[in-house]
Amino acid sequence: MFRQFRSEVADALGDALASLDLPTDDLGIERPPDDMDATLASSVAFRLAGEVGAAPPSVAADVAEAVDVAGYDYLAAVDTAGPYVNFHAGERYLADTLDAAAADPDYGTLPDRDASVVVEHTSANPTGPVHVGRARNPIVGDAVANLMEYAGYDVDRHYYVNDAGRQMAVFTWAYERFDESDLDTDPARDRAEYDLVRYYRKGNAFLEEADPAEVDAAEEGISAILQGLEAGDEETYERVGEVVDTVLGGMKECLARLPAEFDEFVKETRFMRDASTDEVAARLKETDQAVYEEDAWQLELDEWGIEKNLVFLRSDDTSLYTTRDLAHHEWKFANYDRAVTVLGEDHKLQADQLGATLELLGNDTDRLGHVIYSYVNLPDGKMSTRRGTGVMLDDLLDEAIDRAREAVESRMDDRIRDDDLTAEDVERIAHQVGIGAVRYDIVSKQPAKAITFEWEDALDFEAQSAPFVQYVHARCAGILSEAAAAGVEVPGVTADADGVVDVDALDVDGAVFETEAARELLREVARFPAVIETAADDLEPHTIATFTREFADAYNAFYRECPVVTADDEELRAARVALVAAAKHTMANALDVLGVEAPESM
RNA sequence: GGGCACAUAGCUCAGCUCGGAUAGAGCGUCGGACUUCUAAUCCGACGGUCGUGGGUUCGAAUCCCACUGUGCCCGCCA
């Protein structure tokens, strides 16, 4: 609704300016401050004041006078407040919003764009347990993927597996070289990646500490693995693959707890085996930017503002990570309309080089998108799988669930409420709130900002956090089930088990719009699809979290002022039940984008 | 040394892409509201040189420049 209203305002204002022979290139349409009773406003009068030769308020009055609201569905009135032209939506705007959102559990989903997008995220090297330093990636990445789906894209989620590098060669060598008896620790958790990471750490420690002769022998073994991969040796692929798949299997289980699921795990070696990396390298050699210096093939990318040469073939003619990633991205372009990658800021230069080189190879890099996030660090330094430092994501999630469970239980004791929560309910709520709080805390912040991990901050359920917005959903669900269970007769309006309300017979011109709190809530509901659209266009899922907070404020004001089940008359009750259903769908879907569960009760 | 980010209330953060109405929330502090559809809620008060300095503009937290501080990157590693 908001999107149509916004387009109506643009049309009406454009026509008005044209009729006054004024430029229409900058309409200055914006959202007015919260306390202003207008749906949209324009600051165009400021810019036209000089041209017209009159003060902005006078220009605004002339413009408002020239706007013709006839013929528009939602644009009902125009007035001015000083230099601003304010646009007001009519009753039908709110009525249609109520109608659309109450009846549609998928409210907020935009029309199919007939375009596919691959969202690549996480892609952590399969060397061991997922630690909190990396956790921003799956949480932001999953939200970006969800967001694109809501925005009408056909989305695939990919995890790019770096299975061709030295790290995996070292890991494979160490796994084969050492036995359980060589290790001095037990696995921190009974899962594959916790088991195998011990070999990886043991191998790395060995390479640092062992006698030079032993290290030389080890390096020979590692080198043999790397050469086997490069030569396309099947046996080597199998040896490395066993380690990669086993560790990755464990990491998948950890990520599934968030939950973050993937449609495909794309292995780097795939682009070595199918010869596409060689093909990319051959094409790069033919470009004007290719130079052969210091025995290696390089690209001069200074046209793209990158001073550092990019080596794409080593002196022994083997490929590098970036060369393979080029083949990987051309494969993405061949299969998808857009490719979005979520990656840490340490990969920024590499991403810039990749983009420049893809353009050089003739690709349309407008199809490429990046979400760059800054790492989560510990108060006293970085997290490292190799060194074994860091807080594991599993431990954070466990602790979050434990603390959430304590909170549920203490609230049941301390509070005056008619709870009939079963033990299963407590456990469900603990999971929903605990994991939701971790995700919400991370996804609600701008990814570019650095975060230092502190247990207390990460697990604070009081601050603007998941339970605050989840509670709104639980309140909606409570009212709807209350209305249904109490057998409240609401003509034309029935809420089924999923909270879907049939509003066909609802008199939407009814009293629901008399209360300002209800109108304000409906305006927030109306805004949701536009919020999805903007967030998807900008790849900014954190703006959805901001929306959930603003939406929660509007809902809580409505909740305070407008009794629903006990409303005075049937028509009002029916309309408010529909509004609650609309609010529930809005919040449920906003939370769904964020990957945060929407509890029916809490 | 060069490049890319970030800096907003005591603390944690929105707002910046595309300049516009009194810079917004939460936490903390202080004071209120549960015989009421769930108080994980709500209401009120206190709290700001928007890092510093310049510039552009009718108008700058927002755009430009310089500086300071912090993070990240600058390998024939991934």
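Computed from a prediction, not measured in an experiment: that's the story for all the values here.

## Quick look at a negative patch on the surface
Together, Asp-288, Glu-293, Glu-294, Asp-295, Glu-300, Asp-302, Glu-303 and Glu-307 give the surface a local cluster of negative charge. Looking at the element boundaries, Glu-307 is found in the loop between β9 (296-299) and β10 (310-313).

## Some words on the sheet that holds strand β7 (residues 264-267)
Ordered in space as β7-β6-β5-β11-β12, the five strands form an open sheet in which the pairing is parallel. Where the open sheet ends on each side, the last strands, each with one partner, are β7 and β12 (368-373). On average, adjacent strands in this sheet sit at an angle of 25 degrees to one another, irrespective of strand direction. Strand direction decides the pairing type here: strand β6 (residues 154-161) and β7, joined by four bridges, are parallel. Among the inter-strand pairings, Val-161 is bridged to a residue of β7, identified as Lys-267. Across the sheet, helix α5 (residues 136-150) is in contact with β5 (116-120), β6, β11 (338-344) and β12; its angle to β6 comes to roughly 155 degrees.

## Focus on the side chain of Arg-324
Mapped onto the elements, Arg-324 comes out in helix α12 (residues 321-335). Not counting residues within four places of it along the chain, the set of residues in contact with Arg-324 comprises Tyr-160, Ala-164, Glu-268, Phe-271, Met-272, Thr-277 and Ser-319.

## Quick notes on the packing of aromatic side chains
Applying the stated criterion across every chain, the model contains 22 aromatic pairs. Taking the centre distance of 5.5 Å and the plane angle of 75 degrees together, the rings of Phe-46 and Tyr-84 count as edge-to-face. With a gap of 38 residues between them, Phe-46 in helix α2 (residues 44-52) and Tyr-84 in strand β4 (residues 84-89) connect regions that are remote in the sequence. The partly exposed category is assigned to Tyr-84, whose relative accessible area is 31%. An aromatic cluster is built from Tyr-107, Phe-528, Phe-547 and Phe-551, whose rings are joined through pairwise contacts. Across the ring face of Phe-265, the terminal group of Lys-252 is positioned such that the distance to the ring centre comes to 4.3 Å. Above the ring of Tyr-237, the side-chain terminus of Arg-273 is found at 4.0 Å from the ring centroid.

## Details of helix α13 (residues 348-360)
Helix length check: α13, at 13 residues, gives a terminal C-alpha distance of 18 Å against a target of 18 Å (1.5 Å per residue), a fit within 8%. Within the span of α13, buried status applies to Gln-350, Ala-351, Gln-353, Leu-354, Gly-355, Ala-356, Thr-357, Leu-358 and Leu-360. Along its buried surface, α13 packs onto α11 (276-285), β9, β10, α12, β11 and β12. Gly-362 sits one or two positions beyond α13 and adopts a positive phi of about 95 degrees.

The rules behind these values
- Residues numbered from 1 in each chain as written.
- Chains lettered and ligands numbered in written order.
- Predicted model: local features only at pLDDT ≥ 70, side-chain atom pairs only at ≥ 80, totals over all residues.
- Heavy atoms only, no water.
- Patch = residues over 30% accessible without salt bridge, like charges linked within 9 Å, V, L, I, M, F, W, Y side chains within 5 Å.
- Areas by Shrake-Rupley, 256 points an atom, 1.4 Å probe, with all protein chains shown as cover.
- Salt bridge = Lys/Arg side-chain N within 4 Å of Asp/Glu carboxyl O.
- Lys, Arg positive; Asp, Glu negative; His and termini not counted.
- Charge placed at Lys NZ, Arg CZ, Asp CG, Glu CD.
- Helix = DSSP H or I, 4+ residues; strand = E, 2+ residues; numbered from the N terminus.
- Pairing = 2+ DSSP bridges.
- Axes fitted to C-alpha atoms, helices over the stretch in contact; angles between N-to-C directions.
- Contact = heavy atoms within 4.5 Å.
- Phe/Tyr/Trp six-rings, centres within 6.5 Å; stacked < 30°, edge-to-face > 60°.
- Buried < 20%, exposed > 50% of the residue type's maximum accessible area, 1.4 Å probe, protein only.
- Lys NZ or Arg CZ within 6 Å of the ring centre and 35° of its normal.
- Expected span 1.5 Å × (residues − 1).

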